[in-house]
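Analysis of the macromolecular model
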Amino acid sequence: MRQMQPSHPSPSPPAATLSAGLTEMVRRCQAAECAGLEVPAPGVPVIAAAALEEAANSSGGLVWRPRRGGFWLLGATQGATQRARALIEGMGWAATPLAFPNDMALLEAALAAEGEAAGPSPPAAAAPLAGMEERAARMGPEAGHGLTTLWRMEGAAPRLLGQRWMVEPEALLHGAVEQNWRGHAQGLLGARLLARAHVGQWPAERKPTLPLLLDMPWMPPPEQLPPPPDSRPGHALVLPLAAAADAQAWLALAGAAGWGLAWNGLTASLAWLATPERLPGEWFFARFSPAATEAAWPRPERLAFCPTGDRAALAFALGHGVAMCSRMEA
């Protein structure tokens, strides 16, 4: 792989071994104007990582995670960078804006420090992104999408609360390395769901007596949304947490089209976000983890584990009024 060439004369520091993607991004930042962010490791990195990765995926950028911690967003558009910065700073974390090629010296210093930290270890394999978009375009209408039922035990019987039409990124991911691009796969599949909704192609297994929750890709609030499948109350758009910076705009837009809001990607460390003041919405979707049993969930009756997970998840949900997701055939 090619090594980064400094954009100005300087002493030769230890160089980092760059992946093919990072090498190309450094070349782009040296050659043309582009935006970026430097984010020191925050207290809760998962939402910062999600915001930066979605900004990169939506605008042709790249997220670099040095071994010493923190994140660098490189080569993104100005608008995507500003949205990511607003979300991160809104959570009380620092985000330093970067303008390349003027700020190349900062990036070169960080890459040199990465080389010192890496030592003689071999370079990591580059993620095989080539072809993911093509695979998505070749998929049949139902591939990569699934319908789950949202339910909660009330008394001795389950109460059906709604259905979530959700993306299944595993359908696009081939191998462990591509797991790093799970957010990109979710975005591609979410865009396909939204396109189907625009033309009224709702899932055949949908129960018309239940509200529908539609998974959305990360995107700025659009000018127009498709209407829900019917006028029944409770239909909602399921947004990724990376869209939290635009929560109020989404609330107004969704409401005008007949939808409520729900949020996907909550973790135990982010339980404090599940309030109407911080994230306006009716449902908050999370994956169960042992930490969930210790978290102080502000609105457990509006929390749903999806997928349900194991016996411990079921026991916690039953004891705290948390909702669960199950396949139609389950």
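See the structure above.
Residues numbered from 1 in each chain as written. Predicted model: local features only at pLDDT ≥ 70, side-chain atom pairs only at ≥ 80, totals over all residues. Heavy atoms only, no water.

Some points on the nonpolar core
Quick reminder of the rule: By nonpolar core is meant a set of buried Ala, Val, Leu, Ile, Met, Phe, Trp, Tyr and Cys residues that side-chain atoms within 4.5 Å join together. Each residue is assigned to one of three classes by its accessible area relative to the maximum for its type, calculated with a 1.4 Å probe on protein chains only: buried under 20%, partly exposed between the two thresholds, exposed over 50%. Counting from the N terminus, the helices are DSSP H or I runs at least four residues long and the strands are E runs at least two residues long. Contact criterion: two residues are considered in contact whenever any of their non-hydrogen atoms come within 4.5 Å of each other.
The biggest cluster of nonpolar side chains holds 56 residues, and the ones touching the most others in it are Met 216, Leu 237, Trp 250, Trp 263, Leu 266 and Phe 305. Per-element accounting of this core gives the leading share, six residues, to helix 6 (residues 182–198). If we skip the residues at most four places from it in the chain, Trp 250 touches Met 216, Met 219, Pro 220, Pro 221, Pro 222, Leu 225, Leu 237, Leu 239, Ala 243, Gly 255 and Leu 261.

Here's the deal with the pattern of salt bridges
Quick note on the threshold: We define a salt bridge as a side-chain nitrogen of Lys or Arg found within 4 Å of a carboxyl oxygen belonging to Asp or Glu.
If you walk through the whole model with that rule in mind, you get five salt bridges. Residues Arg 159 and Glu 154 are paired through a salt bridge, measuring 3.2 Å at the closest nitrogen-oxygen approach. We classify Arg 159 as partly exposed; its relative accessible area is 43%. Measuring nitrogen to oxygen at the nearest pair gives 2.8 Å for the salt bridge that ties Arg 164 to Asp 215. Linking Arg 164 in strand 6 (residues 157–167) with Asp 215 in strand 7 (residues 212–215), this pair joins segments that are 51 residues apart in sequence.

Observations concerning the packing of aromatic side chains
Note the following rule: When two rings of Phe, Tyr or Trp (its six-membered ring) have centres within 6.5 Å they constitute a pair, described as stacked for plane angles under 30 degrees, edge-to-face for angles over 60, and tilted for the intermediate range. A ring is scored as having a charge over it whenever the NZ atom of a lysine or the CZ atom of an arginine sits within 6 Å of its centre and within 35 degrees of its normal.
Considering all chains together, one arrives at six aromatic pairs under this definition. The interplanar angle of 50 degrees and the centroid separation of 6.1 Å between the aromatic rings of Trp 165 and Trp 202 together place this pair among those described as tilted. Taken together, the positions of Trp 165 in strand 6 and Trp 202 in the loop between helix 6 and strand 7 put the pair 37 residues apart, joining distant regions of the chain. Residue Trp 165 is classed as buried on the basis of its relative accessible area, which comes to 1%. An aromatic cluster is defined as three or more aromatic residues linked by ring pairs; in this entry it consists of Trp 165, Trp 202 and Trp 259. A cation over a ring is seen here: Arg 164 above Phe 285, with NZ or CZ 4.4 Å from the ring centre. A cation over an aromatic ring shows up here: Arg 302 above the ring of Trp 283, its NZ or CZ 4.8 Å from the ring centre.

Points about the sheet that holds strand 4 (residues 96–100)
Inclusion rule: Following DSSP output, two strands are said to pair if at least two bridges run between them. Helix axes are fitted only over the stretch in contact, all axes being lines through C-alpha atoms; the angle between N-to-C directions runs from 0 to 180 degrees.
Spatially, 2-3-1-4 is the arrangement adopted by the four strands of the open sheet, whose pairing is antiparallel. A single partner strand is all that each edge strand has here, and the edge strands are strand 2 (62–64) and strand 4. In this sheet, adjacent strand axes meet at a mean angle of 20 degrees when their direction is disregarded. Relative to strand 4, strand 1 (residues 34–39) is paired through five bridges, and the arrangement is antiparallel. Residue pairing for strand 4: Cys 34 is matched across the bridge by Phe 100. Packed onto the sheet, helix 1 (residues 20–31) meets strand 1, strand 2, strand 3 (71–76) and strand 4 and runs at close to 60 degrees relative to strand 3. Contacts between helix 3 (residues 78–90) and the sheet are confined to strand 1, strand 3 and strand 4, with strand 1 contributing the most and set at about 20 degrees to the helix.

Re the pairing of strand 1
Burial within strand 1 is extensive, with five of its six residues counted as buried. Bridge count for strand 1 against strand 3 is five bridges, and the pairing is antiparallel. Across the sheet, residue Val 39 finds its bridge partner in strand 3, namely Phe 71.

Description of helix 3
Here is the rule we go by: To estimate the expected span of a helix, count its residues, drop one, and scale the result by 1.5 Å. Starting at the helix axis, one direction is taken to each C-beta atom, and the arc is that of these directions.
Counted at 1.5 Å a residue, the expected span for helix 3 with its 13 residues is 18 Å, and the 18 Å between its end C-alpha atoms agrees. Within the span of helix 3, buried status applies to Ala 80, Thr 81, Ala 84, Leu 87 and Ile 88. One side of helix 3 carries all its buried residues, which in axial view fall inside an arc of 130 degrees. Along helix 3, exposed side chains directed more than 90 degrees from the buried face belong to Gln 78 and Gly 90. The positive-phi residue at the C-terminal boundary of helix 3 is Gly 92, with phi of around 90 degrees.

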